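Chains, contacts and geometry: an overview
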Amino acid sequence: MSSTVAQQQLAVLGGRIEGLKNGGGDSVTLLSNDARASTELLGALPPRYGEVLLNLLDRLESSALFSEESCSFSQKDLLDNLQVWVDKARGQLVS
């Protein structure tokens with residue numbers, strides 16, 4: 001596995017999260033598709049990272065289907081949690 005590819009995939013996810021937080025035109029679907037396709041990244045991390053990421057993505061996708069008021073998942077909180085995931089994953093790749 002190439003750690004460079006894994007780091008690039010992680011950087012893309014971080015950028016997508018930032019774009020969603022800032023209303024930069026990125027979509028939840030784009031973030032989700034990129035995350036699910038990040039096989040090098042997921043392979044370079046402990047298995048629990050993949051489980052957590054998929055859980056967060058499932059909840060984020062659900063939140064995108066409803067307005068903020070009618071959904072039990074806060075999109076802002078989920079994006080914050082995804083950012084924490086990215087930060088922790090970055091630490092795992094470096095160590």
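Before any of the text, the structure's been laid out above.
Throughout what follows, the structure given in this document is the object of discussion. Everything numeric in this text was worked out from a predicted model, so none of it was measured.

Concerning the packing of helix 2 (residues 28-36) against helix 4 (residues 47-64)
Viewed as axis vectors pointing N to C, helix 2 and helix 4 meet at an angle of 160°, and their least axial separation amounts to 10 Å. Considering the angle they form, helix 2 stands roughly antiparallel to helix 4. Handedness of the crossing formed by helix 2 with helix 4: left-handed. From helix 2, Val 28, Leu 31, Ser 32, Ala 35 and Arg 36 reach across to helix 4, where they touch Leu 53, Leu 54, Leu 57, Asp 58, Leu 60, Glu 61 and Ala 64.

Topic: the nonpolar core
Membership of the largest hydrophobic core comes to 22 residues, with the highest contact counts inside it found for Leu 31, Leu 41, Leu 82 and Trp 85. The set of elements that each furnish at least two residues to this core consists of helix 1 (3-21), helix 2, helix 4 and helix 5 (75-94). What Trp 85 contacts, discounting residues up to four positions off in sequence, is Leu 10, Leu 13, Leu 41, Leu 42, Leu 45, Tyr 49, Val 52, Leu 53 and Leu 56.

Considerations on the side chain of Ser 32
Summarising the element assignment, Ser 32 is placed in helix 2. By relative accessible area, which is 2% here, Ser 32 ends up buried.

Section: the packing of aromatic side chains
Following the criterion strictly, the structure yields 1 aromatic pair and no others. Plain terms: the ring middles of Tyr 49 and Trp 85 are 6.1 Å apart, the flat faces sit at 65° to each other, and that makes the pair edge-to-face. Highlighted residues: Tyr 49 in helix 4 and Trp 85 in helix 5, separated in sequence by 36 residues. The buried category is assigned to Trp 85, whose relative accessible area is 5%.

Quick notes on the pattern of salt bridges
In this structure the tally under the stated criterion is 6 salt bridges. Measuring nitrogen to oxygen at the nearest pair gives 2.8 Å for the salt bridge that ties Asp 58 to Arg 36. Residue Asp 58 is located in helix 4, and its partner Arg 36 is located in helix 2; the two are separated by 22 residues in the primary sequence. Classification of Asp 58 by relative accessible area gives partly exposed; the value is 40%. When its relative accessible area of 34% is taken as the criterion, Arg 36 is described as partly exposed. By sharing partners, the salt bridges in this structure join Lys 21, Lys 76 and Asp 80 into a single network.

What counts as what
- Residues numbered from 1 in each chain as written.
- Predicted model: local features only at pLDDT ≥ 70, side-chain atom pairs only at ≥ 80, totals over all residues.
- Heavy atoms only, no water.
- Axes fitted to C-alpha atoms, helices over the stretch in contact; angles between N-to-C directions.
- Helix = DSSP H or I, 4+ residues; strand = E, 2+ residues; numbered from the N terminus.
- Parallel < 35°, antiparallel > 145°, perpendicular 65-115°, else oblique.
- Left-handed = near helix turned anticlockwise from the far one by under 90°.
- Contact = heavy atoms within 4.5 Å.
- Core = buried A, V, L, I, M, F, W, Y, C linked by side-chain atoms within 4.5 Å.
- Buried < 20%, exposed > 50% of the residue type's maximum accessible area, 1.4 Å probe, protein only.
- Phe/Tyr/Trp six-rings, centres within 6.5 Å; stacked < 30°, edge-to-face > 60°.
- Salt bridge = Lys/Arg side-chain N within 4 Å of Asp/Glu carboxyl O.

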